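Working through the structure, step by step
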Amino acid sequence: MIKDIKGLHHVTSMASDAQQNNRFFTDTLGLRRVKKTVNFDDPSVYHLYYGDENGTPGTVMTYFPFPHMMIGRPGVGEVGETQFSIPKGALAFWKDRLIAQGVGGIQTDTVFGANRLRFTGPDGDGLALVEAADDVRAPWLAEGISEANAIRGFSGARFNLHDTAATEELLRFMGYERSEIEGDVTRFIIPGGNGADTIDLAALPKTPFARQGAGSVHHIAFAVENREKQLEVRKALMDTGYQVTPVIDRDYFWAIYFRTPGGILFEIATNEPGFDRDEDTAHLGEALKLPNRYAPFRDKIEANLVPLAA
């Protein structure tokens, strides 16, 4: 069993409009844009990162905004809901705020004893705010959002699957433990994790498969401390029969990827070197940062990207 995964590192989704996406996550949800770069495989498209002050692993939501991309169709074989942690008692503030800003799909419920606010992002993204009494992570404080209400980072995510058995086995191998079952949802947790340490598996045997598009999660990344631990995890996964990519340098972390039995793309990402490797913490996310191979084409790349609000 793998013992080096501490919870989520980041969640990466797709969007249809960069300006709208930036506005929603920085203004509506009050996250900090911690990096403005490009899709390393398609530099005509932004890669935007939103999180806490430092972009701490377990707080970072990232997006590839492909202009005019078709909206995805929710279903099974995907991360159906990305869940953020908020303080106990903050739900009413967020419900009022989201209603006032015209956010869609707003619903309240209680799952595994926690009060939640479910809503959709600009492209129908499945999102939820989950009250937690014991989340001590320091939030980024945006205008109009107090420390008593601000998002702390992820709490976890929900996977929608036809059958959960193979994914349950994989999560156990990755160090997760089955915690509770409520209806058709089984909860797994990482003991002593980084706060973003919950995965819910929803068994939906009659639901059609998802179609990826804007609003869909592209992949979900799990955190390991460093490259040494990452290589150990890679070997363990390959020894178990998973087809895992070579290690890829993403400038702010090192990444490996593999496809799960339920069809979801998993990444294992390192906590090092972090988002301050190429800009001061006080100015994270302000300048367009490019990997070295694209530096000679900066003028052309910048000319093709829509400007974003600070």
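Structure first, text after, so check above.
Residues numbered from 1 in each chain as written. Predicted model: local features only at pLDDT ≥ 70, side-chain atom pairs only at ≥ 80, totals over all residues. Heavy atoms only, no water.

**Observations concerning the overall build of the chain**
Secondary structure assignment for the chain yields 5 helices and 16 strands. The C-alpha radius of gyration of the chain comes to 18 Å, within 12% of the 19 Å expected for a compact globule of 310 residues. Taken along its principal axes, the extent of the C-alpha atoms in the chain is 50 × 50 × 35 Å. Each of the 310 residues in the chain was classed as buried or not, and the buried ones make up 55%. On the chain, roughly 13,500 Å² of surface is accessible, and the fraction owed to carbon and sulfur atoms is 50%. (Helix = DSSP H or I, 4+ residues; strand = E, 2+ residues; numbered from the N terminus. Rg over C-alpha atoms; globule rule 2.2 N^0.38 Å. Buried < 20%, exposed > 50% of the residue type's maximum accessible area, 1.4 Å probe, protein only. Areas by Shrake-Rupley, 256 points an atom, 1.4 Å probe, with all protein chains shown as cover.)

**Some remarks on the layout of surface pockets**
Its boundaries defined by the atoms lining it, the largest pocket holds a volume of some 480 Å³. What lines the largest pocket is a set of 24 residues, among which Ala132, Asp134, Gly195, Asp197 and Thr198 lie closest to the centre. For the lining of the largest pocket, the elements supplying multiple residues, two or more each, are β5 (78–87), β7 (114–120), β8 (126–132), β10 (177–182), β11 (185–189) and β12 (198–203). At 3 residues, the largest contribution of residues to the lining of the largest pocket is made by β8. Grouping the constituent residues of the lining of the largest pocket by class yields 8 nonpolar, 7 polar and 9 charged. Its boundaries defined by the atoms lining it, the second largest pocket holds a volume of some 390 Å³. Along its surface, the second largest pocket is lined by 29 residues, and Pro74, Gly80, Gly124, Asp125 and Gly126 are the ones closest to its centre. (1 Å grid on protein atoms, 1.4 Å probe; cavity = no way out; pocket = protein on both sides within 12 Å on 5 of 7 lines; lining within 4 Å. Points joined across faces, edges and corners; volume = space filled by probe spheres on them. Nonpolar A, V, L, I, M, F, W, Y, C, P; charged D, E, K, R; others polar.)

**Comments concerning the pattern of salt bridges**
The full count for this structure, using the stated rule, is 13 salt bridges. The partner of glutamate 279 in a salt bridge is lysine 35, with the nearest N and O atoms 2.7 Å apart. Within this pair, whereas glutamate 279 is found in the loop between β16 (265–273) and α5 (298–304), its partner lysine 35 is found in strand β2 (residues 32–39), the two being separated by 244 residues in sequence. A relative accessible area of 0% means that lysine 35 is categorised as buried. Two residues, aspartate 109 and arginine 116, come together in a salt bridge whose shortest N-O distance is 2.9 Å. Connected through salt bridges with shared partners, the residues Glu81, Asp109, Arg116, Arg118 and Arg158 form a single ionic network. (Salt bridge = Lys/Arg side-chain N within 4 Å of Asp/Glu carboxyl O.)

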